Amino acid sequence: MKRNNKIAILNLLITKKKITRNELAEILGISRMAVSKLVKFLIEKKYIIETDTVDTSKTGKKPKYLYINLDKFQNIMAIYFGLSSVTISIADIYGKILTTESISIGSKTDVLNTTLKKVSEILKKYKIMLISIGMNGIVDSFRGIAKISTYYHWKNLNLKEIFEKNFNITTIIENGVNLIALSQSKIYESQKDFVILNIENGVGSTISKYDSISNKRIFELKEIGHIPFDYSESSLLCVCGNKGCLETVMANWRIEEKVYTKTGEHFSYDKIIEEANKNKSFFRDEILTLLRPLSYIILWINNLITPEKIIITGKITFIDNFFWKELKRILKNNSLDKTKEIIIERSDYNDNLIIKGAIQYGIENITNSLFFESMFKPVFFITQQCSKLFNF
C-alpha cells in the first residue's frame, strides 16, 4: 500500500506539476501524518523537492508546494510510424518536446531496421525510461503487437518485444487514431463523449467516452474505413482484401488517383483542395464526391451512439465552407431526429497530433515502466526481472 501511495504521489505531481501535502492527504484519503512519511521518503530519495510557500490568508506556518525533481527522471521517446515518414520525439516527464527527428520512407526503405538504428543513435544523447509507439492499423496494445499494418505490410509484428529486446526499455504501443483522441482530450474534456474521425490515406475513427466510475476517458477504436460502401463491379480492391471499402472511396490517395485518371497530370491532395477552394469547377466537383461517403459515416455513427460531437481531422479540414455547408444540409435532411443538430467540428490540422498523443500515452503509463519499478525495488529484484524480460 505504501508503495502504491508513493507512486500515486508521483503520478499526481506529473499530472498537476505541483501540489501541497494537505491536497495529497485529501486526494489519497489518508492522514496528514501518513502523507508526511511518504513525502519524507520521496524527498530523501530526491525524487521530489519541496519549495515555494503557498500564499494563503491563514495565519501560522505556510504550506509548501511539492514538485517532481526532473534531474532524477529520464525522458519519454515517442515514435509515430506514419505514411510517408517515421517521426521520433523526445519529451520530458511533463510532455515538453525536447527534440524531434524524422525518417523519410521510400519504396525500398526497411522501415523497422532503419528506425531501430535511428533510436540507437538517439539513445547515445538522451536517457529514456519509456518508448511510446503510435501507428495506423490494427493494434493489440495489451500485448504490444502490430496486428495489421497494410501500409508497412506488417502482420502480428510484436513491436514491444522487438524494442524491449534491443534497448532494454519498457515499450508500449497504441493505434494512431486513439492517440489523436488522447491528444485532443484536454480540448474536449467538457464533452461527455465525442468521436474522432480521421481521414488521410486511410480512414479511422475512435469513440471517446467519459467513465464516471474510474474518472477516466475510455477510447474505443472502430475500423470504420473498412465498412463496405461501393458495391459496383468497378469497385476498388482495398488493402484489407475486400472490395469497395470506404477507404477506397475517400482516402487522400483515391482523390489524387481519380484526378490523375481524368487529367493525366499528378496533383497532390493539397493542390486539389487549393484549386477547389479557388472555385475551379473540375476540382470542386471531385472534392464534392466526398460528401456522400462522409455523410454516410457520420449518420451511421450518430444513429448508433449519438455522440455530443464528431471531430474531423486530416487535410480534408482545409476544404472551404462550400463543402461543410453542403454536408450540414445533407445531415439535417437525412438524420433520424431532425430536431437535434449533429455537431461537426473540424480540428486544426497538425502532423504532430499522433506524436503528442503518444507522449501523453507514455506519461500516463510511466508508472508501469521498468524504470519506475527500479525506484522501489531492491537491486537483486531488478536484476532478476531484467533477466526474465530480456533473456540475459
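Description of the structure in this document.

### Details of helix α12 (residues 321-334)
Look at α12: 20 Å from first C-alpha to last across 14 residues, which is about the 20 Å you get at 1.5 Å a residue. Taken together, the buried positions of α12 are occupied by Phe322, Phe323, Trp324, Leu327, Ile330 and Leu331. Along its buried surface, α12 packs onto α9 (269-277), α10 (281-288), α11 (291-305), β14 (309-313) and β15 (344-346).

### What to know about the pairing of strand β3 (residues 75-81)
The element β3 is extensively covered by neighbouring structure, given that seven of its seven residues are classed as buried. The alternating pattern of β3 places Asn75, Met77, Ile79 and Phe81 on one face and Ile76, Ala78 and Tyr80 on the opposite face, and all of these are buried. Examined bridge by bridge, β3 and strand β6 (residues 128-135) share seven bridges and lie parallel to one another. Across the sheet, residue Ala78 finds its bridge partner in β6, namely Ser132. One ladder, built from six bridges, connects β3 with strand β4 (residues 85-91); its direction is antiparallel. When the sheet's bridge partners are listed, Tyr80 is paired in β4 with Thr87.

### Digging into the pattern of salt bridges
Going through the model one piece at a time under the given rule, you end up with 18 salt bridges. With its nearest N and O atoms 2.8 Å apart, the salt bridge here joins Lys160 to Glu164. With Lys160 and Glu164 both in helix α5 (residues 159-167) and four residues apart, this pair spans about one turn of that helix. Taking relative accessible area as the criterion, Lys160 reaches 24% and is therefore assigned partly exposed. The exposure class of Glu164 is buried, given its relative accessible area of 5%. Notably, a salt bridge pairs Glu275 with Lys271, separated by 3.3 Å at the nearest N-O pair. Of this pair, Glu275 and Lys271 both sit in helix α9, separated by four residues, roughly a single helical turn. In this structure Glu275 comes out as buried when scored by relative accessible area, which is 8%. Each of Lys271, Glu274, Glu275, Lys278 and Lys280 takes part in a single network of salt bridges with overlapping partners.

What counts as what
Residues numbered from 1 in each chain as written. Predicted model: local features only at pLDDT ≥ 70, side-chain atom pairs only at ≥ 80, totals over all residues. Heavy atoms only, no water. Helix = DSSP H or I, 4+ residues; strand = E, 2+ residues; numbered from the N terminus. Expected span 1.5 Å × (residues − 1). Buried < 20%, exposed > 50% of the residue type's maximum accessible area, 1.4 Å probe, protein only. Contact = heavy atoms within 4.5 Å. Pairing = 2+ DSSP bridges. Salt bridge = Lys/Arg side-chain N within 4 Å of Asp/Glu carboxyl O.

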